[in-house]
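# Remarks on the overall topology
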Amino acid sequence: MAANRKIELNIKVNNKDYKLFIASNKRLLDVLRDDLGLTGVKEGCAIGECGACTVIMNGKNVCSCMILAGQAEGAEIITIEGLEGPKGELHPLQEAFMETGAVQCGFCTPGMILSSLVLLKNNPSPTEEEIKEAISGNFCRCTGYKQIIEAVQLAAERMRGGGM
Amino acid sequence: MYKIINKSVKRIDAYEKVTGKAKYGADLNLTHQLYAKTVYSKYPHAKILKIDTREAERLEGVVAVITAEDVPGNNIMFGKFPVLAKDEVKYIGDGVAAVAAESREIVEKAVRLIKVEYQKLAGVFNIKEAIDKNNGKVHSEIEDNLIEHSHHLLRSGDIEKGFKEADVILERTYQTQFVDQAYIEPEAIIVIPDPYKVGVEIHGSIQNPYSIRTNVATVLGLKINQVKVVQSTIGGSFGGKDESVMLMAARSAIIAMKTGRPVKMVLTREESFLESSKRHASKAKYKIGAKRDGTIVAVENNVYTQGGAYNNKAMFVNWRASIHAAGPYAIPNIKTDIYGVYTNTVYGGAYRGFSAPQIVFANESLIDELAEELNISPQEIRIKNCLKPGDELGTGQILLPGKIPAPLEKMINNVCKKTDFESKRKKYIKERESFNPIKKGIGLSCTFRGAGLGGEGIDSASATVTIDIDGSILIQSGLVEMGQGMRTAHAQIVAEVLGVSLDRITFCNTDTSVTLDCGPTVASRGTLAGGNAMLIAARKLLDRLHKRAAIMLDCNIIDLVSENNFIFNRLDKSRKLTFKEVVEECLKGQGLSLSAQGWYTPGPEKLSSETGRGNAYPTYSYGASVIELNVDTQTGKINVEKIVAGYEIGRAINPQIVKGQFYGGILQGLGYALIEEVRNKDGYLETKNYDDFLIPSSFDMPEMEVTIYESDDPVGPFRAKSVGELGIELMAPAVANALYNATGKRIRELPLNLERVLLGKTLRK
Amino acid sequence: MQNFNFIRPDNLEEACDLLVRYKDRAKLITGGTDLIIALREEKLPNCLEIIIDISNLKELNYIKEEGKYIRIGSGVRHAEIANNKLIKKYAPVLSMASSVVGSPQIRNKGTIAGNIITASPAADTIPALIVLDSILVIRKGKEKRKMFLKDVFEGPNKVNLKSDEIVCEIYFEKLPLGAKSNFIKLARRNAVDKSRMNIAVVAQQNKNKEITNIRISVGSLTPIPERFKDAEDLLLGKLPTQDLIQKAGKKIAEEMINKSGYRWSTEYKEPVVKSLIDRVLNGIVEVE
Ligand SMILES: Cc1cc2nc3c(=O)[nH]c(=O)nc-3n(C[C@H](O)[C@H](O)[C@H](O)COP(=O)(O)OP(=O)(O)OC[C@H]3O[C@@H](n4cnc5c(N)ncnc54)[C@H](O)[C@@H]3O)c2cc1C
Ligand code: FES
Ligand code: FES
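Residues numbered from 1 in each chain as written. Chains lettered and ligands numbered in written order. Predicted model: local features only at pLDDT ≥ 70, side-chain atom pairs only at ≥ 80, totals over all residues. Heavy atoms only, no water.

## Digging into the interface of chain B and chain A
- Contacts between the two partners involve 52 residues from chain B and, on the opposite side, 47 residues from chain A.
- At the boundary of chain B with chain A, total buried surface from both sides reaches about 4000 Å², with 57% on carbon and sulfur atoms.
- Between chain B and chain A we count seven salt bridges in total.
- Taking the shortest distance from any N to any O, the salt bridge between D27 of chain B and R33 of chain A comes out at 2.8 Å.
- Mapped onto the side of chain B that touches chain A, the elements with two or more residues apiece are α1 (14–18), α8 (269–275) and α17 (655–674) of chain B.
- Sort the elements by how many residues they give to the side of chain B that touches chain A and α17 of chain B lands first, with eight residues.
- Along the lines of polarity and charge, the residues of the side of chain B that touches chain A split into 23 nonpolar, 15 polar and 14 charged. (Contact = heavy atoms within 4.5 Å. Buried area = accessible area lost by both parts, 1.4 Å probe. Salt bridge = Lys/Arg side-chain N within 4 Å of Asp/Glu carboxyl O. Helix = DSSP H or I, 4+ residues; strand = E, 2+ residues; numbered from the N terminus. Nonpolar A, V, L, I, M, F, W, Y, C, P; charged D, E, K, R; others polar.)

## Concerning the domain arrangement of chain C
- As far as domains go, chain C holds domain 1 (5–53), domain 2 (58–173) and domain 3 (180–282).
- With centres defined by C-alpha atoms, the gap from domain 1 of chain C to domain 3 of chain C works out at 36 Å. (Domains from an automatic or database assignment.)

## Examining a negative patch on the surface
All names here are of chain A.
- A cluster of like negative charges, contributed by E128, E129, E130 and E150, occupies part of the molecular surface.
- The leading source of residues in the negative patch is helix α4 (residues 128–134), at three residues.
- Structurally, E150 can be placed in helix α5 (residues 146–160).
- Classification of E150 as partly exposed rests on a relative accessible area of 31%. (Patch = residues over 30% accessible without salt bridge, like charges linked within 9 Å, V, L, I, M, F, W, Y side chains within 5 Å. Areas by Shrake-Rupley, 256 points an atom, 1.4 Å probe, with all protein chains shown as cover. Lys, Arg positive; Asp, Glu negative; His and termini not counted. Charge placed at Lys NZ, Arg CZ, Asp CG, Glu CD. Buried < 20%, exposed > 50% of the residue type's maximum accessible area, 1.4 Å probe, protein only.)

## Observations regarding the site of ligand 1
- Looking at ligand 1, there are 35 residues lining it, with L28, T33, D34, H78 and T111 of chain C nearest.
- Looking at the residues close to ligand 1, they fall on chains A and C.
- A distance of 2.7 Å is found between an oxygen atom of ligand 1 and a backbone nitrogen or oxygen belonging to G31 of chain C.
- In the environment of ligand 1, an oxygen atom lies 2.5 Å from a nitrogen or oxygen atom belonging to the side chain of T33 of chain C.
- Notes on ligand 1: free accessible area 970 Å², of which the protein chains cover 93%.
- With five residues, helix α7 (residues 112–118) of chain C is the largest single contributor of residues to the shell around ligand 1. (Near = heavy atom within 4 Å. Polar contact = N/O pair within 3.5 Å; in protein donor to acceptor, adjacent residues only side chain to side chain.)

## Concerning the sheet that holds strand β1 (residues 5–7) of chain C
All names here are of chain C.
- The three strands lie next to each other as β1-β3-β2, forming an open sheet whose pairing is parallel. Since the sheet does not close on itself, it has two edges, and those belong to β1 and β2 (26–29), each with one partner. Taken pair by pair, the neighbouring strands of this sheet meet at an average axis angle of 25 degrees, ignoring direction.
- Taken together, the three bridges between β1 and strand β3 (residues 50–53) define a ladder with parallel strand orientation. When the bridges of β3 are listed, I7 appears paired with I52.
- Each of β1, β2 and β3 is contacted by helix α1 (residues 12–22), which is oriented at about 160 degrees to β3, the strand it contacts most. (Pairing = 2+ DSSP bridges. Axes fitted to C-alpha atoms, helices over the stretch in contact; angles between N-to-C directions.)

Spelled out as structure tokens, the structure:
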């Protein structure tokens, strides 16, 4: 069996550039959690099903457990830790999740918010069906999704209004 | 009237969760920590002949390997769980050894180097095999595989006489499957050896810190006070993060003591499904007798729950089942027997509902079958028989008007009216014959649920409330937050009592070295018992503050009011002090303590073990629901379109959180009804991850309309009762009843998956 | 997680060279949504040395129209195919299939070539590509060869591709004007679930309503994905009636039993495939 050689990895995470040397069989999920300490990225299944590990990579939501670290070379990544404004202002989605009761145990929340963010970037006025579609790869065992959908609707409305 | 409670305020733990800052078990790391992993059994039942750990020990980076031989104290914990199996493995999730290494990669390699020689044994894998005496034993000391103390009964009236009076008698058998809680966060534990007390400190995804503390202490041969358990933020539990976490904590603690280094153990999803508890599978035989007019005169039932290889909960689960098995109906003659059996399979434990989903599926399906037999409507038969004020339960307890509410009649009628139940039901029966393969159906179910632990055990709860010099308030409870919103409810109660704004309050995760042992956070008792303890503690503090303020304002203590962060004289509102001023005076000026403990217990409930009769619970909550669905009769696919449900819960401390509990419970209930199933084949687990054990996605969510009924039930804090579990249990029977309405096919086994719905029977690989 | 070294070539040329050099000791990765699961379970042969990442190669990432053909680079992701205008216009059946793969996250990574090469019986794009009579362009070093998609499959999860070969392109003829296509997926859960069965069909009728073109493929039915020629022959040139459509469904069910044997799931699949064929055809064919 081959030994893992270390590879160099240049990535931009939450607007910061990193140059890392990591084992070649690490997943992007491991790099974000272990090397960068971004523990807002969660691991729930490691097989791409649950979406807890969702991050935004080059504008698209992906499961970071389904990406080898080396595949992220040169990529721009946003995790939940990158959503707050420069003064710690919360993103409208974060506010809305708090207000509508969309958070219970919170384990799905980071991934859920990031998938919703990608949706709202591409579609500022999503229908309920489109929201369901956008978060269909993010499992939540606590909320039954209803208040999450309400949160996305509320955030969409506020973001359209140009407020915040 | 209320300032803070009964309002949908933001959760007090939401900020750290939406920002990703909340620390769950797996997010904690310590320098020099070891990574530990368990070596699991290869067979569902086998003798262990030899364990060879040498090769693993030789691997560079491996620091410790432990087997049953290394357990310093008692290897057997509550429920007969071995920390590590010694001579025999009894199910596929038994641990035989644990390894700790410098990295995750190394420990993953090392577990595969442990060589175990087994001698395979025959096993019993389902309820039928367990009852059949010739199939072997799971525990050699137990002849009939019957779990100790798991038989609970209820005897009311004269069952034979009851059936003699009946015009119609039906006998039916219902079966349910094992399911997993499937919380999205897999279990995680980190154990720190504590050189000062020569003990351990345990952090992680722990639902019941106190039982873990006691168990780990016995395993290590330490005193209870040498083990400290601190709960991390938990990513869902629903009853599940208990036995598996206890096993992980015990193994990791042994290694931590042995190596003097922190030990971290995080389960993969596959390990979590393998080792964590499940909702008991069940087989329920029911016999029901009724008069022509629909009056139910007798119910006899015989229920077996499958407990798996070990037993942590069957005795409790079955006791609850015994009280509720005849349903929320006034029935003069009841004979109930509930048994638990051991099998060489994954084991049953606590899962939201705690026997209700199984029992309610059986009983509420049966009521519809009876209605059909008598040719009356499902609504009418329920209205005729459901518990009403003044009725007597099977246990003999009387639903005294003004003391214990009984609003089911109104609730059933409301959900039916909202959905136009009767006319749709009739219409869909007619449409069964239509050409369209997609049929519509509508189904009804109702339930009642004893609040809190009741006669299951002593229900007591502790709380500590501390006010600091700046007027900020710290609350601590021995009951844990798992996502259900209990902390927020507690904070609302304290803020309401002290008349302060919610932003003053923070909470501290449960820490066994600070908060008092008050039993497990189960049975939806977080608000009922825990909230009462908070109320008591807060009132003690209010008393102290008011005593001081009365002197400061020179008025009578009874005229003082605390509201909006002020304490004032209600007779002259200009005579006021800020909350902070009074706090400062108490702490600095007078040297008083502004920390108080609340302890609440409704006291023991008295029950006879011969008849099961007595006051089982202090009070009850109620629910009724109607489900509308369509079913593709050519594929067996059920599509639930809409759910209209009503729940009576006393007072909603936070209506938004309460609704969230119901929405979540409803979707779990639908998963249970339709797609979830932990499949065992001859004791081997077939459903290993989320690709096989399917839980509902956002696309599986129907339209949900939940109505909360409030009542003035006096038991809970500000009249709040239980919320957490009620949502789940109404779903499966309502779906089965709606399926019958749509197709004329009655299916008595869950889940109602494609094959079962199409063929009316189970297909297995 | 298995051990390996990771290489990310800058262009296709380099990737091909690496493969030729390492052969069995190398494995390609694109979306990784199948491969990483196998790596995690350590299911790849022990001789594995390198993983070659071709996910960023522009040369494999295009969808274009060329005369009567539509050409798709092997590295195109499901999400792009699902939303692509050319595909929606000339091969809607493929767009429909790609849009129901996994979840948004999976569709943002998973590629068409990965779906083919994994060759899962439940794969969603395969039946769609089969009814499009797709052709693969395969490269080994500098050599290129073409092969009908249907010929690449050897059995469940097995393809006859050499370890030094790369699939570069999938192409097919645009569906003729007036041809209709349809795809349905049956799964237990409404999202992120493997198909219990999926059906892709293309059909065309002339002015007299006679069927002039019919192609049917069903996933999860037979060991090797294929078109159901017997059923197609039954329909071809005929005026479709309900009776005829039912016969076609029956033919397909028979063929399933012939090829797969009578298995635990047959009792379920047999009636279901009949009904679904009926439904999917009725969705696009004008029946007498
Ligand atoms: C959660 C989840 C849900 C899923 N749901 C579905 C579903 O609903 N329907 C469905 O069909 N599939 C589903 N899949 C499977 C998977 O997403 C698809 O098969 C996907 O298309 C694979 O593509 P990939 O690029 O990720 O392949 P990879 O994992 O990168 O590669 C797969 C295989 O193809 C080989 N390969 C890749 N590119 C080439 C090439 N150019 N030439 C030669 N060999 C190559 C690789 O070496 C590897 O052996 C799901 C997967 C996950 C994790
Ligand atoms: S952890 Fe990546 S999808 Fe579940
Ligand atoms: S809030 Fe617990 S999983 Fe979504």
